[in-house]
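Each chain, letter by letter, is given below.
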Amino acid sequence: MTQSLLEQGRSFLKDTVRKTVDFSATAQSRGIGPPPIEKPFAEGTTRIDLPPQTGGWKTIHGIDLKTAIQNRRSRRTYRDEPVTVEELSFLLWATQGIRERIDEGHAYRTVPSAGCRHAIETYLCVLNVTGVARGLYRYLPLEHQILLEGTDDRLAQRIVGAAFGQVSPGEAAVTFIWTAVPYRMEWRYGGAAHKVIALDAGHVCQNLYLACEAIEAGTCAMAAYDQEAMDRLIGVDGTDEFVIYLAPVGKVAG
Ligand SMILES: Cc1cc2nc3c(=O)[nH]c(=O)nc-3n(C[C@H](O)[C@H](O)[C@H](O)COP(=O)(O)O)c2cc1C
């Protein structure tokens, strides 16, 4: 590894970049309206309503926060048991659910985000969820729905391949695949956008860990994957949107 690569990496972690960014030149400062809160979708696409929190989520009994934090660990082996659609609904709400819509370009969610920009999208590789056919889906936080992105008979093999052979995404009931849509953060912060997107992803995944503990499920953060293969799997362009993190989820012994 060259010295400059290490320097680049260390510099990415610092906030020195803020001193070099001309914030008066960001899209927001130039009066350009905010990008959409969630990636738009075409009418007529297959969308599935998720059981809303207002319905009570009767099967989600929960555990206290101290127990969830104490029990949390990375879990890479799962029982051959489905996750229910109500549990999936709970996990999506816990990781990206909308708390309050502020205006056209802003909404508070269950996780924090720098400048409330929320530059992350959630894709799902569904292999074993009750009431949801196998396939690739995208979460629509505003609608609290999942949208079918595609199907593939070799989904399990393909996701394992794209995860550099790590087997848990192929054995999981569902894998959360998070992408960054950088412009959503760049609109406000320009060149200072990128570190905070990575920080935001940490909050999202931590909520998934804790929420999994509440439903006798487990997860494992994964940052090692084949970038191009994973982008191809979910059908994003790798430039304006690309995968940054993933986490398989499956049932574990209670
Ligand atoms: C940013 C990040 C990336 C990780 N990437 C992987 C990964 O690609 N594969 C994996 O098996 N575990 C991965 N892990 C899980 C760590 O190995 C795990 O958190 C660590 O060993 C501590 O164990 P614990 O989570 O059970 O406390 C990752 C964790 C984090 C936070």
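What this report covers is the structure whose coordinates are included nearby. (Residues numbered from 1 in each chain as written. Predicted model: local features only at pLDDT ≥ 70, side-chain atom pairs only at ≥ 80, totals over all residues. Heavy atoms only, no water.)

1. Quick word on the packing of helix α4 (residues 155-162) against helix α8 (residues 227-234)
Move 1: Between α4 and α8, whose axes approach to 8 Å, the crossing angle comes to 150 degrees. In this view, α4 runs roughly antiparallel relative to α8, as classed from their interaxial angle. Together, Leu155, Arg158, Ile159 and Ala162 of α4 and Ala229, Met230, Arg232 and Leu233 of α8 make up the contact between the two elements.
Move 2: The class makeup of the residues in the contact of α4 with α8 is six nonpolar, no polar and two charged. (Axes fitted to C-alpha atoms, helices over the stretch in contact; angles between N-to-C directions. Helix = DSSP H or I, 4+ residues; strand = E, 2+ residues; numbered from the N terminus. Parallel < 35°, antiparallel > 145°, perpendicular 65-115°, else oblique. Contact = heavy atoms within 4.5 Å. Nonpolar A, V, L, I, M, F, W, Y, C, P; charged D, E, K, R; others polar.)

2. Here we look at the pattern of salt bridges
Move 1: Going through the model one piece at a time under the given rule, you end up with eleven salt bridges.
Move 2: Between Glu87 and Lys251 there is a salt bridge whose closest N-O contact spans 2.7 Å. Of the two residues, Glu87 sits in helix α3 (residues 85-96) while Lys251 sits in strand β9 (residues 242-251), which places them 164 residues apart along the sequence. Summarising the burial analysis for this pair, Glu87 and Lys251 share the class buried.
Move 3: Residue Arg138 is joined to Glu121 by a salt bridge in which the shortest nitrogen-to-oxygen separation is 4.0 Å. Of this pair, Arg138 sits in strand β5 (residues 135-140) while Glu121 is found in strand β4 (residues 120-126), placing the two residues 17 residues apart along the sequence. Residues Arg138 and Glu121 agree in their burial class; the two are buried.
Move 4: What you see here is one network of salt bridges that share partners, running through Glu121, Arg138, Glu149 and Arg184. (Salt bridge = Lys/Arg side-chain N within 4 Å of Asp/Glu carboxyl O. Buried < 20%, exposed > 50% of the residue type's maximum accessible area, 1.4 Å probe, protein only.)

3. Overview of the nonpolar core
Move 1: Leu88, Leu91, Leu124, Ile146, Phe176, Trp178 and Val249 are the most contacted members of the largest nonpolar core, which totals 35 residues.
Move 2: Secondary structure elements with two or more residues in this core: α3, β4, β5, β7 (174-180), α7 (194-213) and β9.
Move 3: Take this core: its biggest share by element is seven residues, from α7.
Move 4: In terms of nonpolar packing, the next biggest core, distinct from the first, is built from 19 residues, Leu136, Tyr225, Ala229 and Leu246 among them. (Core = buried A, V, L, I, M, F, W, Y, C linked by side-chain atoms within 4.5 Å.)

4. Points about the sheet that holds strand β8 (residues 217-219)
Move 1: With antiparallel pairing, the seven strands of this open sheet are ordered in space as β1-β6-β5-β4-β7-β9-β8. Strand pairing shows two members of the sheet lacking a second neighbour, β1 (47-49) and β8, which therefore form its edges. Neighbour-to-neighbour, the strand axes of this sheet turn through a mean angle of 30 degrees, independent of strand direction.
Move 2: Looking at chain direction, β1 and strand β6 (residues 145-150) are connected through three bridges and run antiparallel. In the sheet register, Asp49 faces β6, and the bridge partner there is Gln145.
Move 3: This element, α8, spans β4, β5, β7 and β9 of the sheet and lies at about 70 degrees to β9. (Pairing = 2+ DSSP bridges.)

5. Looking at the site of the ligand
Move 1: The environment of the ligand is formed by Arg72, Arg73, Ser74, Arg76, Gln166, Cys220, Ala221, Met222, Ala223, Ala224 and Tyr245.
Move 2: Contact distances for the ligand include 3.2 Å between an oxygen atom and a backbone N or O atom of Ala224.
Move 3: Protein contact buries 52% of the 620 Å² of open area that the ligand shows by itself.
Move 4: Taken together, the residues of the shell around the ligand sort by class into six nonpolar, two polar and three charged. (Near = heavy atom within 4 Å. Polar contact = N/O pair within 3.5 Å; in protein donor to acceptor, adjacent residues only side chain to side chain. Areas by Shrake-Rupley, 256 points an atom, 1.4 Å probe, with all protein chains shown as cover.)

6. Things to note about the packing of aromatic side chains
Move 1: Going through the model one piece at a time under the given rule, you end up with five aromatic pairs.
Move 2: Ring geometry for Trp57 and Trp93: centres 5.4 Å apart, planes at 70 degrees, overall edge-to-face. With Trp57 in the loop between β1 and α2 (65-71) and Trp93 in helix α3, this residue pair connects regions lying 36 residues apart in the sequence.
Move 3: Between Trp178 and Tyr245, the ring centres sit 5.8 Å apart and the planes meet at 50 degrees, which makes this aromatic pair tilted. A residue pair is termed long-range when its members are at least 10 positions apart, and Trp178 in strand β7 and Tyr245 in strand β9 qualify at 67 residues. In this structure, Trp178 and Tyr245 share a single accessibility class: buried.
Move 4: What links up through ring pairs into an aromatic cluster is the set Trp57, Phe90 and Trp93.
Move 5: Here the basic side chain of Arg72 rests over the ring of Tyr209, its NZ or CZ set 4.8 Å away from the ring centre. (Phe/Tyr/Trp six-rings, centres within 6.5 Å; stacked < 30°, edge-to-face > 60°. Lys NZ or Arg CZ within 6 Å of the ring centre and 35° of its normal.)

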